[in-house]
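These are the residues of each chain, in order.
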Amino acid sequence: MSGQGEALTSSSYIQHHLTNLTWSVDGGWNAHDAGFWTFHVDSLLVAVGLGVLFLWLFRSVAKYSTVGVPGKLQCFIEMVIDFVDENVKDTFHGKNALIAPLALTIFVWVFLMNLMDLVPVDLLPIAAQTIGVPYLKVVPTTDLNVTLGMSLSVFALIIYYTVKVKGFGGFVKELTMQPFNHWAFIPVNFLLESVTLLAKPVSLGLRLFGNLYAGELIFILIALLGYWQLPLYFPWAVFHILIIVLQAFIFMMLTIVYMSMAHEDH
Amino acid sequence: MNINATLIGQAIAFAIFVWFCMKYVWPPLLDAIEARQKKIADGLTQAERAGKDLELAQAKAADKLKQAKAQAAEIIDQANKRRTQIVEEAKNEAETERSKIIAQGEAEVEAERNRAREELRQQVAVLAIAGAEKIIKRTIDKEANSDIIDKLVAEL
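Residues numbered from 1 in each chain as written. Chains lettered and ligands numbered in written order. Predicted model: local features only at pLDDT ≥ 70, side-chain atom pairs only at ≥ 80, totals over all residues. Heavy atoms only, no water.

S.K.: Hey, could you run me through a nonpolar patch on the surface in this one?
M.R.: Taken together, the side chains of Trp23, Val25, Trp29, Phe36 and Trp37 of chain A together with Ile3, Ile8, Ile12, Ile16, Trp19 and Tyr24 of chain B make up a nonpolar region of the molecular surface, amounting to roughly 1,100 Å² of accessible area. Considering the arrangement of structural elements, one finds Trp37 of chain A in the loop between β2 (28–29) and β3 (38–40). (Patch = residues over 30% accessible without salt bridge, like charges linked within 9 Å, V, L, I, M, F, W, Y side chains within 5 Å. Areas by Shrake-Rupley, 256 points an atom, 1.4 Å probe, with all protein chains shown as cover. Salt bridge = Lys/Arg side-chain N within 4 Å of Asp/Glu carboxyl O. Helix = DSSP H or I, 4+ residues; strand = E, 2+ residues; numbered from the N terminus.)

What follows is the structure, encoded as structure tokens:
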């Protein structure tokens, strides 16, 4: 637990764990209510670090990949690639060189970010405090900005490919002429379809955030139990392994499904 | 928990990572996998073909072996026949040779007997003449009766 000398209550402990290390354009480090131009430095650093780790690992394997008998690491990487490729091929039937790498990046990156959840909750924050960093939130996917940043990027791709494949007219028509194909229903259709469209990125981002945030919160609560955390930590961590992989997979699968919907006419 | 510029930073990082993945990670790995899949498929078809070839070769070899056995049996059979033939021929030849030798021997014995008889006859004639001479010496001239004696000798 954080040993700042102040009286440490449960709520302040939790509060401390849920506070990001921020830097804002206006207020500098850790300013209160610094406005939109604030960066969660910890989330971004961990996220980018994990992304670089993922790309470095895969790139180094790709560089020395052989067609002959592969090594163990290459086998593992190829299993991941094959898994993603199979899912993309099953769901997405168009021809687009972006979808599979997009799915791979989402799957591995989100998985690694979720995996930070299994690091004991106090380990990295206390390590950071000893070198003078007051706050550290180590799981990027418990940061709504991170998950929404990804889901909105996917949303931008959905709109881009819808317009690219069906034309702007097709995009407008999809919003206004469904599900009731009559001009009188245009307002109703537009209401329904825009909600459907906007629900995609919001649900995508919130689902990942909600699952991981809740999981992290329970880890923090378990950490508050003193010695009781020892028998409780392990089952929750085991259970959480499932959530970690599942949420990464769901994010990837839904992205593929949305992209395939953007490419296909109804 | 506010929405702030972290979102933009994350989106930018996401875009860069996806671009890098699309450019430098996905294609070489997938190419390697697909190339290996093709290699394995080729290897499997080749193995299958080799198996078929082997089967064919084995059948061929068995066929050849059978043929060779049949041929060998035929040759042995022929040789046996030829042997009996040769033995038969040799036997026949020996038989004829034997009869020839026997006939020759018989002819020789016959000739010898004839010669001995001739000689005996002449000696008998000489003896008869000598006897007669001794008898006649006292009575008649040898010259005058020689023709009779010759006739007698011829009649013997």
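After presenting the structure, the write-up continues.
S.K.: What exactly am I supposed to notice about the interface of chain B and chain A here?
M.R.: Many descriptions give the size of an interface as the accessible area lost when the pieces come together. Listed as interface residues are 30 residues of chain B and, on the opposing side, 51 residues of chain A. Between chain B and chain A, a total of about 3,600 Å² is buried, with carbon and sulfur atoms accounting for 76% of that surface. Measuring nitrogen to oxygen at the nearest pair gives 2.7 Å for the salt bridge that ties Arg36 of chain B to Glu78 of chain A. Viewed at the interface, chain A and chain B are joined by 11 residue pairs in polar contact (both at pLDDT 80 or more). (Contact = heavy atoms within 4.5 Å. Buried area = accessible area lost by both parts, 1.4 Å probe. Polar contact = N/O pair within 3.5 Å; in protein donor to acceptor, adjacent residues only side chain to side chain.)

S.K.: Looking at this model, I keep getting lost on the pattern of salt bridges. Mind explaining?
M.R.: Should their charged atoms come close, side chains of opposite charge can pair. Residue and element names in this part refer to chain B. Scanning all chains against the criterion turns up 8 salt bridges over all chains. Close ionic contact of Asp42 with Lys38 constitutes a salt bridge, the shortest N to O distance being 3.4 Å. Of the two residues, Asp42 and Lys38 are both situated in helix α1 (residues 6–137); the distance of 4 residues between them amounts to about one turn of the helix. The partner of Glu112 in a salt bridge is Arg115, with the nearest N and O atoms 2.4 Å apart. Remark: Arg115 and Glu112 occur in helix α1; sequence separation between them is 3 residues, near one turn of the helix.

S.K.: Before we go on, may I ask you to explain the packing of aromatic side chains in this structure?
M.R.: Geometry of an aromatic ring pair is reported as the spacing of the ring centres plus the angle between the planes. Under the counting rule described, the total for this entry stands at 15 aromatic pairs over all chains. Seen from their ring centres, Trp109 of chain A and Phe17 of chain B are 4.8 Å apart, and the 80 degrees between their planes marks the pair as edge-to-face. Placement of Trp109 of chain A in helix α4 (residues 99–115) and of Phe17 of chain B in helix α1 is noted, with the two residues assigned to different chains. Phe17 of chain B shares its class with Trp109 of chain A; the two are buried. When the ring of Phe20 of chain B is compared with that of Tyr24 of chain B, the centres are 5.1 Å apart and the planes differ by 45 degrees; the resulting orientation is tilted. Placement of both Phe20 of chain B and Tyr24 of chain B in helix α1 is noted, with a separation of 4 residues, approximately one turn of the helix. The class of Phe20 of chain B is partly exposed, set by a relative accessible area of 24%. (Phe/Tyr/Trp six-rings, centres within 6.5 Å; stacked < 30°, edge-to-face > 60°. Buried < 20%, exposed > 50% of the residue type's maximum accessible area, 1.4 Å probe, protein only.)

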